[in-house]
Amino acid sequence: MQVYRAVSAFPPTGDDFKSQRELGPDKTFLGTTECHARALSTWATPEQCALLLKTKPFRGLRVVRVALTSDAGAIQPRSNGHVAWWHCKAFDPIAASSEVSE
Amino acid sequence: MTTARIQRVLLQADGPLLILLRDAVDGAWVGLAADRSPHGDTFACVPVSSARLAALKFGEMDLRAIFEHPEIDRRASLFVPAEWKPGSSVALEAVEDFHPEWLPDEGFFLSAFGPDVAPEARDIVEEATVRNRPVVHANFNPPEAKAESKIDAFTLAEGLTTFQNVVKRAHALVTRTKGAATRKLLAAAENYTFEVYGFSYGSFEVHMQAKSNPDLFGSAPHVEALAKLDEIASRVHDIEAAVEVAQANRGHFVSAVRALMYFIADRKTPLKYSWTEPNGEVRSNLILPDAASALYTALAARQELSQQVIKLVGVFDKIHVKSGRWTVITQEDGEFSGRVAQGSGVTLKGLTTSSVTYELECRDVLEEGVVNERQTSRLELLKQPVEIKLP
């Protein structure tokens, strides 16, 4: 399965694959569970991911394709295209990323 | 400064990106994330009408236009601190203008993040969005409605009651496996009850919304119950498959489904219902009288599917040996009363009240022919109570 994520540069760095909880250890997250706060937001299509770049928190980022294999961790796709991904520590998301041409 | 409550997150992307708020006079605002830090999130907020909110949702309006040209000339910034507690109010600080960087670029259509909505489903999606809770449209189409727009009052009342009762029983079924505390919390009627807020013009399509307040996702416990109903309603034209679903969900839920099938068949009233929740897909099922009749016959022939066997662990409060009546107090769910099942051979003689804990296996039997909110059930003790030692 392939999912798309907004990252700061290509190739991405480990920081690009940190969850909300890792970035804000003491933060309350709106409308999400603790479980989802520990997941990464990825998207089913590159178009959806690219749309995010039009907003302030994602402006200047780029879209990468991440090829998820069976050892990548757990995912939960939603009907709106959002795919929550709890990535396995043994899985290297940077090696699994490829650039999406604009 | 205006106080507001965060009603729902419209779009999550590594945190809330777009949120919906309600101010003190119930006015809606949308907020777009402008800055994120470990200390909290800042949002750009503008008031929004129901019509605009729907236009945003259906991709008829660009997100930038919503923020650049608010309908009412008000703009606010909102800071949600890291230690913010869900449910507490937040402060909208009025601003003259937004920093240009806060505005989204042109071409951001929220519809890209939602399931495709068929034109005929637009109304229900819009209603769920604006009302921010699960919505059901139930369409009853009795024979008298073919020539002119009318419906027997009893048919409408019975149809609604029977439908609501299936949802009630489905709710009990899906919450049965949850922990005692959650079960108790979800047992309140508002967690499975719908309230009617309108009708479609020229038809008997009843519009209902979930009675309880939804969470920040706009979801409510009703959704799980409706999904349970869908499991059997979507298989109504394949009797074997529908009976399989009944077998896996035996008990009062099956009784309630059987009553609904009887209503549809007996009143020759096809039922089409659709439901959705904010950000959810629209699901629809149509149950025609012939199919309902066949399923009713199949379920009536398998009475055991309607019976619910439950186990209670508690101490007897009252025992009446002669009449076979008893009352037991359980630790988790309180008091239950019942009687010995006929022909079971169970005797209450020699059982101890107050001090000894027993396990009871009972059949929970619904009172037949009564399908309303006061529908009652009775417990019948099937086996001799077994004394157990609690740790």
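Use the structure listed above.
What counts, and at which threshold
Residues numbered from 1 in each chain as written. Chains lettered and ligands numbered in written order. Predicted model: local features only at pLDDT ≥ 70, side-chain atom pairs only at ≥ 80, totals over all residues. Heavy atoms only, no water. Helix = DSSP H or I, 4+ residues; strand = E, 2+ residues; numbered from the N terminus. Buried < 20%, exposed > 50% of the residue type's maximum accessible area, 1.4 Å probe, protein only. Contact = heavy atoms within 4.5 Å. Areas by Shrake-Rupley, 256 points an atom, 1.4 Å probe, with all protein chains shown as cover. Pairing = 2+ DSSP bridges. Buried area = accessible area lost by both parts, 1.4 Å probe. Salt bridge = Lys/Arg side-chain N within 4 Å of Asp/Glu carboxyl O. Polar contact = N/O pair within 3.5 Å; in protein donor to acceptor, adjacent residues only side chain to side chain. Axes fitted to C-alpha atoms, helices over the stretch in contact; angles between N-to-C directions. 1 Å grid on protein atoms, 1.4 Å probe; cavity = no way out; pocket = protein on both sides within 12 Å on 5 of 7 lines; lining within 4 Å. Points joined across faces, edges and corners; volume = space filled by probe spheres on them.

Of regular secondary structure, chain A possesses 3 helices and 6 strands. Along chain A, from the amino end to the carboxyl end, the secondary structure elements read β-α-α-β-α-β-β-β-β. Within chain A, the fraction of its 102 residues that count as buried is 45%. In chain A, the share of contacts with a sequence separation of at least 24, taken over all contacts with a separation of at least 6, comes to 62%. Per element, the accessible surface of chain A, about 4,900 Å² overall, is 54% carbon and sulfur.

Residue placement: Phe-108 of chain B occurs in the loop between β6 (90–94) and α3 (122–131). Judged by relative accessible area, Phe-108 of chain B falls into the buried class, the value being 1%. Separated by 45 residues in sequence, Phe-108 of chain B and Leu-63 of chain B place their C-alpha atoms 5.6 Å apart. Here Phe-108 of chain B is in contact with Leu-51, Leu-52, Lys-54 and Thr-55 of chain A together with Leu-11, Asp-62, Leu-63 and Phe-113 of chain B, once residues within four sequence places are set aside.

As a further point, take the pairing of strand β10 (residues 271–276) of chain B. Residues and elements named next belong to chain B. With respect to burial, β10 is a largely interior element, 5 of its 6 residues being buried. Two strands pair when backbone bridges link them, and strand β7 (residues 135–140) and β10 are joined in this way by 6 bridges, in the antiparallel orientation. When the sheet's bridge partners are listed, His-137 is paired in β10 with Ser-274. Where β10 meets strand β11 (residues 283–287), 5 bridges bridge the pair, whose relative direction is antiparallel. Within the sheet, the bridge partner assigned to Leu-271 lies in β11 and is Ile-287. Two successive antiparallel strands, β10 and β11, enclose a turn made up of 6 residues, where Asn-279 displays a positive phi of approximately 70 degrees.

Contacts between the two partners involve 28 residues from chain A, matched on the other side by 41 residues from chain B. Of the roughly 2,800 Å² buried where chain A meets chain B, counting both sides, 59% is carbon and sulfur surface. The largest share of the area that chain A buries against chain B comes from Lys-27, Leu-30 and Lys-56 of chain A, three residues that together contribute 24% of it. Between Arg-59 of chain A and Asp-105 of chain B there is a salt bridge; the shortest N-O distance is 3.1 Å. Where chain A packs against chain B, one counts 14 residue pairs in polar contact (both at pLDDT 80 or more).

Next up on the list: the sheet that holds strand β1 (residues 2–12) of chain B. Hydrogen bonding along the main chain pairs the strands of a sheet, whether they run parallel or antiparallel. All names here are of chain B. Read around the closed barrel, 6 strands run β1-β2-β3-β4-β5-β6, paired in antiparallel fashion. Across the sheet, the mean angle from the axis of one strand to that of its neighbour is 40 degrees, orientation sign disregarded. As defined by bridge partners, strand β3 (residues 28–37) adjoins strand β4 (residues 40–47) across 8 bridges and the pair is classed as antiparallel. Across the sheet, residue Ala-33 finds its bridge partner in β4, namely Phe-43.

Further remarks concern helix α1 (residues 50–57) of chain B. Residues and elements named next belong to chain B. Burial within α1 is extensive, with 6 of its 8 residues counted as buried. Inspection of α1 places Arg-52, Leu-53, Ala-54, Ala-55, Leu-56 and Lys-57 among the buried residues, and these make up the whole buried set. Contacts from the buried residues of α1 go to β1, β2 (16–23), β3, α2 (63–68) and α3. Phi for Gly-59, located one or two positions after α1, is positive at around 75 degrees.

Attention shifts here to empty space enclosed by the protein. Inspection of the entire model under this criterion finds 1 cavity of 30 Å³ or more. By volume, the largest cavity amounts to about 40 Å³. Around the largest cavity sit Lys-27, Thr-28, Phe-29 and Leu-30 of chain A together with Pro-16, Gly-40, Asp-41, Phe-43, Val-80, Pro-81 and Ala-82 of chain B, which together line it. If one sorts the elements of the lining of the largest cavity by residue count, β4 of chain B sits on top with 3 residues.

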